[in-house]
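Notes for the structure review
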Amino acid sequence: MKKRLQTRHDRVMTIANLISFSRVILAFPLIYYFEKMRVSLEVLDLDNYIYYYWISLVILLIIILSDFMDGFIARMTDEITDFGKLIDPIADKICMVVVLIYII
């Protein structure tokens, strides 16, 4: 009997894990647009402020939706992995800490 090279729980690159990892990546553009928004408000450029506000809001909504989607996709495709169990809460904490540090 042949041994499988990888079980489902050992896999790293699944769609759900990529979505979780994308949340970490999206934290950087979010901070960038937060900063652009702050600078626009300082110089009273309200048109740019509103533009950057909406971009920041869209990125934040994508982060929130991706948090729900990665778990949903992992359960629906039966690809719940050990790596996914690790990366999902870490991605949540990174996004939350990055935003909180910026706000402080």
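Structural notes, computed from the coordinates.

Rules and cut-offs
- Residues numbered from 1 in each chain as written.
- Predicted model: local features only at pLDDT ≥ 70, side-chain atom pairs only at ≥ 80, totals over all residues.
- Heavy atoms only, no water.
- Helix = DSSP H or I, 4+ residues; strand = E, 2+ residues; numbered from the N terminus.
- Expected span 1.5 Å × (residues − 1).
- Buried < 20%, exposed > 50% of the residue type's maximum accessible area, 1.4 Å probe, protein only.
- Contact = heavy atoms within 4.5 Å.
- Phe/Tyr/Trp six-rings, centres within 6.5 Å; stacked < 30°, edge-to-face > 60°.
- 1 Å grid on protein atoms, 1.4 Å probe; cavity = no way out; pocket = protein on both sides within 12 Å on 5 of 7 lines; lining within 4 Å.
- Points joined across faces, edges and corners; volume = space filled by probe spheres on them.
- Nonpolar A, V, L, I, M, F, W, Y, C, P; charged D, E, K, R; others polar.
- Arc of directions from axis to C-beta.
- Salt bridge = Lys/Arg side-chain N within 4 Å of Asp/Glu carboxyl O.

For the rest of this paragraph, the subject is helix 2 (residues 46-76). An ideal rise of 1.5 Å per residue puts 45 Å on 31 residues; helix 2 measures up with 44 Å between its terminal C-alpha atoms. Every buried residue belonging to helix 2 is among Tyr52, Ile55, Ser56, Ile59, Ile63, Ser66, Asp70, Gly71, Ile73 and Ala74, and all of these are buried. In this fold, the buried residues of helix 2 make contact with helix 1 (15-42) and helix 3 (82-103).

For the structure on display, the rule yields six aromatic pairs. Put simply, the rings of Tyr32, Tyr33, Tyr51 and Tyr52 touch in pairs and so form one group of aromatic residues.

Empty space within the largest pocket amounts to approximately 170 Å³. For the largest pocket, the lining is made up of 13 residues, of which Asp70, Gly71, Ala74, Gly84 and Lys85 are closest to its centre. When residues of the lining of the largest pocket are traced back to their parent elements, those giving at least two are helix 1, helix 2 and helix 3. Ranked by the residues each element gives to the lining of the largest pocket, the list is headed by helix 2, at four residues. Tallied by class, the residues present in the lining of the largest pocket amount to three nonpolar, five polar and five charged.

It is worth spelling out helix 3 at this point. For helix 3, which comprises 22 residues, the first-to-last C-alpha distance of 33 Å matches the rise-based estimate of 32 Å (1.5 Å per residue) to within 8%. Along helix 3, the residues that are buried comprise Gly84, Ile87, Ala91, Cys95 and Val99. An end-on view of helix 3 places all buried positions within 90 degrees of arc, on one side of the element. Turned more than 90 degrees away from the buried face of helix 3 sit Lys85 and Ile101, all of them exposed. At its buried positions, helix 3 is contacted by helix 1 and helix 2.

A separate point is the pattern of salt bridges. The full count for this structure, using the stated rule, is six salt bridges. Its salt-bridge partner being Arg23, residue Asp67 comes within 3.6 Å of it at the nearest N-O pair. You can see Asp67 sitting in helix 2 and its partner Arg23 sitting in helix 1, a full 44 residues away along the chain. Judged by its relative accessible area of 27%, Asp67 falls in the partly exposed class. Here Arg23 falls in the buried class, since its relative accessible area comes to 1%. Between Asp70 and Arg23 there is a salt bridge; the shortest N-O distance is 3.0 Å. You can see Asp70 sitting in helix 2 and its partner Arg23 sitting in helix 1, a full 47 residues away along the chain.

Without other data, these values stay purely geometric and don't point to any function.
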